[in-house]
Amino acid sequence: MNFQSFFHEKLVLFADVKTKDELFELMCNRLTEHGYVKESYLDAIKKREVEYPTGLKAEELGVAIPHTDSVHVNKEAISVAILNEPVTFNHMGMEDTEVEVKVVFMLAIQKPDNQLGILQIIIGMIQNKEVLNKLSNCKDESEVLAIIKQYSEENVD
Amino acid sequence: MSKRILVACGTAIATSTVVAKKIEEVLKGKGHNVYIDQCKASEAPAKASNFDLIVTTTPIGNVGDTPVIQTVSFLSGIGVDADIEKIMDVLGLE
């Protein structure tokens, strides 16, 4: 798995937002600014989240993995947001269930079959409460990337 | 003939990819080779009749007689063992 091609310091955010739409705008703007996604990505993410929510209640923390169809993606990348205060998401696959989300991985993915490794790393981190707790307490971008990098190196197939 | 499992999620981009791989690995570890395909939730009703089981992370429409297990355990990590048992039970695997 080529860590460097997916994660970038400029795509790590520490967000102080009240709603998930506000968060989506921040994250999508960052991705658009650096050319990773098309202008249409933001609307697509918002719509997709309404239809198929991506909030997940992990063991201790809430996480979300917003993503959408690959036609809106120019170049694959993953944006990470650590939220100062949790934001409410709807829970994946559970109607009327909400989850307070603290860590967000926004996935700009083109060919899922080729990206299995990176997706497994993301899901692996979601299932690892120590890693999630560490991420949620990070204070700077390089720290976030260092934790993800270490986890991915220790968990490569 | 190996059992056929259809894994569905919203966009067939992220979650079904991971869920499909996880199920394949766990069942392989128990000595069972299964055929797994993935699709968008909206495509599931049309594809259902060719499969022995549908595992989905999100509600899906009418899929006729094909059994459905809706779960996010393979993503959240909570309740995986129980779901694997359910899957094996539905497929008649031991």
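Relevant structure appears above.
Everything in this summary refers to the structure shown in the same document. (Residues numbered from 1 in each chain as written. Chains lettered and ligands numbered in written order. Predicted model: local features only at pLDDT ≥ 70, side-chain atom pairs only at ≥ 80, totals over all residues. Heavy atoms only, no water.)

## Focus: the interface of chain A and chain B
Where interface size is quoted, it is often the accessible area lost as the parts come together.
Consideration 1: Each partner contributes to the interface: chain A provides 26 residues, whereas chain B provides 25 residues.
Consideration 2: Interface area for chain A against chain B, summed over the two sides, is near 1900 Å², with a carbon-plus-sulfur share of 67%.
Consideration 3: For D69 of chain A, the salt bridge goes to K40 of chain B, with nearest N and O atoms at 3.5 Å.
Consideration 4: Our count for the contact surface shared by chain A and chain B stands at four residue pairs in polar contact (both at pLDDT 80 or more).
Consideration 5: When residues of the side of chain A that touches chain B are traced back to their parent elements, those giving at least two are β2 (55-57) and α4 (116-126) of chain A.
Consideration 6: The greatest single-element share of the side of chain A that touches chain B, amounting to five residues, is contributed by α4 of chain A. (Contact = heavy atoms within 4.5 Å. Buried area = accessible area lost by both parts, 1.4 Å probe. Salt bridge = Lys/Arg side-chain N within 4 Å of Asp/Glu carboxyl O. Polar contact = N/O pair within 3.5 Å; in protein donor to acceptor, adjacent residues only side chain to side chain. Helix = DSSP H or I, 4+ residues; strand = E, 2+ residues; numbered from the N terminus.)

## Focus on helix α3 (residues 41-51) of chain A
Residues and elements named next belong to chain A.
Consideration 1: Those residues of α3 lying buried are Y41, L42, A44, I45, R48 and E49. For α3, the arc enclosing every buried residue in end-on projection is 165 degrees, short of the 170-degree limit, so these residues lie on one face. The exposed residues of α3 that point more than 90 degrees off its buried face are K47, V50 and E51.
Consideration 2: Along its buried surface, α3 packs onto α2 (20-33), β2, β4 (77-90) and β5 (98-108). (Buried < 20%, exposed > 50% of the residue type's maximum accessible area, 1.4 Å probe, protein only. Arc of directions from axis to C-beta.)

## So, the pairing of β4 of chain A
Each regular strand shows side chains that alternate between the opposite faces of the sheet.
Residue and element names in this part refer to chain A.
Consideration 1: Here strand β1 (residues 12-15) runs beside β4; their pairing, made up of four bridges, is parallel. Within β4, the residue paired with L13 across the bridge is A81.
Consideration 2: One ladder, built from 10 bridges, connects β4 with β5; its direction is antiparallel. Residue pairing across strands places A77 opposite A108, the latter belonging to β5. (Pairing = 2+ DSSP bridges.)

## Some words on the nonpolar core
Consideration 1: Counting 56 residues, the largest nonpolar core has F7 and F105 of chain A together with I5, I23 and I87 of chain B as its most contacted members.
Consideration 2: Looking at which element gives the most residues to this core, the answer is α4 of chain A, with seven residues.
Consideration 3: Among all residues touching F105 of chain A, those that are not within four sequence positions of it are V63, A64, I65, P66, I78, S79, V80, I122, M125, I126, L135 and I148 of chain A. (Core = buried A, V, L, I, M, F, W, Y, C linked by side-chain atoms within 4.5 Å.)

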